[in-house]
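Okay, here's what each chain looks like letter by letter:
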Amino acid sequence: AGMRVAVVGAGVSGLTATKCCLDEGLKPTCFEQSQDIGGLWRYTEHVEAGRPSLYPSVISNTSKEMSAFSDFPYPEDFPVFLPNARLLDYLRRYAERFSLREHIKFGTTVVSIRKHPDFATTGQWDVVTEADGKQTSHVFDAVMVCSGNFSEPSLPLHCFPGIERFQGQYFHSRQYKHPDVFQGKRVLVVGMGNSGVDIAVEASRVATKVTVCTSRGAWVLSRVFDHGYPWDMVFNTRLMSLIRNSLPGPLSQGLINYRVNQWFKHENYGLQPAKRYFVPVLNDDLPSYILTGRITIKPGVKEFKDNSVVFHNCPEEEPIDIVVFCTGYNVSFPFLEEAVVKVENKHASLYKYVFPTHLQRPTLAILGLIKPLGAIMPVIEMQARWVTRVFKGRRANMSSPMYKNTVQTGHILFGLSFDEVLKTDCLVYMDKLASFIGAKPSVLGLLCRDPRLALTIFFGPCTPYQYRLGGPGHWEGARQAILTQWDRTLKPTRTRVAVGSSSPCPSLLTVMGFLLLLAAVVFGF
């Protein structure tokens, strides 16, 4: 009998979790409160309680080759960055291809997850679900929490003095669907995340005036990067990661500073971030909209008046009709008891951002609580591959010294608030998890056997297919997918000329990288 696993939610995380369970011979049951798959990526015209909410114009921030599940490349005719409907289409194809639907119970809400009385010996969980007003109890051997972190908006009104006397309209970005509410209005957007910038750009096409206020600033990247290649395919390569992680901190920071200021100098546009860490906002229009006066950037809000707002360090009032709070989301697990995931001061103690450290048995995992610089889908898939191996492999004995150590020292604290960013390079993190399950590609090992592949893996974008070259979950098509990744990237846009294969490999970087590789070999990297 396979181990029974409860999967909470059928979005990106829930789908790949269900698939990884099946790959490992476990028996998943996925509970989805709505009537369909897709989670965040399924657009609905109405905002539904407890579900994420999209606006129609949302486009993925990461390119299709970097965002694919590792054994299921996007169709070649799909655009490089995906409008939400295309991404949902991809998720439907994924569910179809691996027959996931038959394991999903729709219209079923998970009400509570509690430790089974004999948890200490069995690691089992009591799960209560509700469908059509009727509650059902189940016992599961393990649980994968895939409910995401975009359902509970964070709107700290107490941080905005005077908001109660403001006469105009205000709402959280979660409520936003169409720009027509801004027609002829003076708009204030509070916060500079991806939604804030998107909404400001859309509003500025119809509004009288748009102001974005941010206490923090932000780095802004365009999806269209050097020579028009997708930003993440240029940025997230093993070479770049090696350079970023081998240079001393200030030098590495300086390099990133230089790179992000190449498109436009952030301080001239009022955007220079206060903090040194690097989590970019992706938007292709913002600098030109600032340059043409459609959007003005201001510091944080000091207070609201009846029909206006005052910013820090700015004496004059700014008249405002409508405010959009793009203040992010709270992470919440209403169905888990406090004892399972202790969230204190917006921090939770999770081993490798996945397993609650104080459980005697690692039979509950939380997926996707991570904000990598890059695509989240392959990262969640890797988490799911690792978690299902842990569930399966350590059923009898979970006392891995590594896990025990962590539990005692308890030093793996990480920010659960959306802005407290997981500061690890997503490539380093993926490699770590991949090495746990034996799926980490060895560049040096490949250099002798398959030099062309080795060089593509090292100098080219770190696409997810690399993690299917060997180990458990090995996929026959991985090598081919890696060698044709640029063809699939260029095909949708080279629509007037025959597509020859070309990939950006700046010669200077190549030489530099080769020297680095040599040095790495010499110093036993």
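Residues numbered from 1 in each chain as written. Predicted model: local features only at pLDDT ≥ 70, side-chain atom pairs only at ≥ 80, totals over all residues. Heavy atoms only, no water.

Draft legend 1. Region of the structure containing the sheet that holds strand β7 (residues 142-145). With parallel pairing, the five strands of this open sheet are ordered in space as β3-β2-β1-β7-β23. Two strands in the sheet have a free side with no partner beyond their single neighbour: β3 (104-106) and β23 (364-366). Strand-to-strand, the axes of this sheet are offset by a mean angle of 20 degrees, without reference to chain direction. As judged from the three bridges shared by strand β2 (residues 27-32) and β3, these two strands associate in the parallel manner. Note on β3: the bridge partner recorded for Cys 30 is Ile 104. Sitting on the sheet, helix α10 (residues 377-393) touches β1 (4-8), β7 and β23, and the angle it makes with β7 is about 170 degrees. (Pairing = 2+ DSSP bridges. Helix = DSSP H or I, 4+ residues; strand = E, 2+ residues; numbered from the N terminus. Axes fitted to C-alpha atoms, helices over the stretch in contact; angles between N-to-C directions. Contact = heavy atoms within 4.5 Å.)

Draft legend 2. Looking closely at unusual backbone geometry. Backbone geometry places His 227, a non-glycine residue, at a positive phi of 55 degrees. As for its position among the elements, His 227 is in the loop between β12 (220-221) and α6 (231-235). In this structure, Asn 313 takes a positive phi of about 60 degrees despite not being glycine. By the secondary structure assignment, Asn 313 is in the loop between β16 (308-311) and β17 (317-319).

Draft legend 3. Fine view of the nonpolar core. In terms of nonpolar packing, the biggest core is built from 101 residues, with Met 144, Phe 182, Ile 295 and Phe 391 touching the most fellow members. Residue contributions to this core peak at nine residues, all from α10. Residue assignment places this core across two domains, with domain 1 (4-151 + 330-426) and domain 2 (155-327) each supplying three or more. In this structure Met 144 touches Val 5, Ala 6, Val 7, Val 8, Ala 17, Cys 21, Ala 365, Leu 367, Ala 384, Val 387, Thr 388 and Phe 391, once residues within four positions along its chain are discounted. (Core = buried A, V, L, I, M, F, W, Y, C linked by side-chain atoms within 4.5 Å. Buried < 20%, exposed > 50% of the residue type's maximum accessible area, 1.4 Å probe, protein only. Domains from an automatic or database assignment.)

Draft legend 4. Summary view of the environment of Pro 334. Of note, Pro 334 is situated in the loop between β19 (329-330) and β20 (343-344). Overall, Pro 334 belongs to the exposed group, its relative accessible area being 69%. Taking the C-alpha atoms as reference points, Pro 334 and Ser 112, separated by 222 residues in sequence, lie 7.8 Å from one another.

Draft legend 5. Region of the structure containing the pairing of strand β15 (residues 301-304). Where β15 lies against β16, three bridges are found, and the strand directions are antiparallel. Residue Phe 304 lies in a different strand from β16, and its bridge partner there is Val 309. Here β15 folds back onto β16 in antiparallel fashion, the turn holding three residues.

Draft legend 6. Structural detail: the packing of aromatic side chains. If you walk through the whole model with that rule in mind, you get 29 aromatic pairs. An angle of 65 degrees between the planes, with centres 5.9 Å apart, marks the rings of Phe 72 and Phe 98 as edge-to-face. With Phe 72 in the loop between α2 (64-67) and α3 (84-97) and Phe 98 in the loop between α3 and β3, this residue pair connects regions lying 26 residues apart in the sequence. By relative accessible area, Phe 72 is classed as buried at 14%. Taking the centre distance of 6.4 Å and the plane angle of 55 degrees together, the rings of Phe 160 and Phe 304 count as tilted. (Phe/Tyr/Trp six-rings, centres within 6.5 Å; stacked < 30°, edge-to-face > 60°.)

Draft legend 7. Layout of the packing of helix α1 (residues 12-23) against α10. Here α1 crosses α10 at 35 degrees, and the two axes come no closer than 9 Å. In this structure, the crossing between α1 and α10 has a hand that is right-handed. Contact residues: Val 12, Ser 13, Thr 16, Ala 17, Cys 20 and Cys 21 in α1; Met 377, Ile 380, Glu 381, Ala 384, Arg 385 and Thr 388 in α10. Taken together, the residues of the contact of α1 with α10 sort by class into seven nonpolar, three polar and two charged. (Left-handed = near helix turned anticlockwise from the far one by under 90°. Nonpolar A, V, L, I, M, F, W, Y, C, P; charged D, E, K, R; others polar.)

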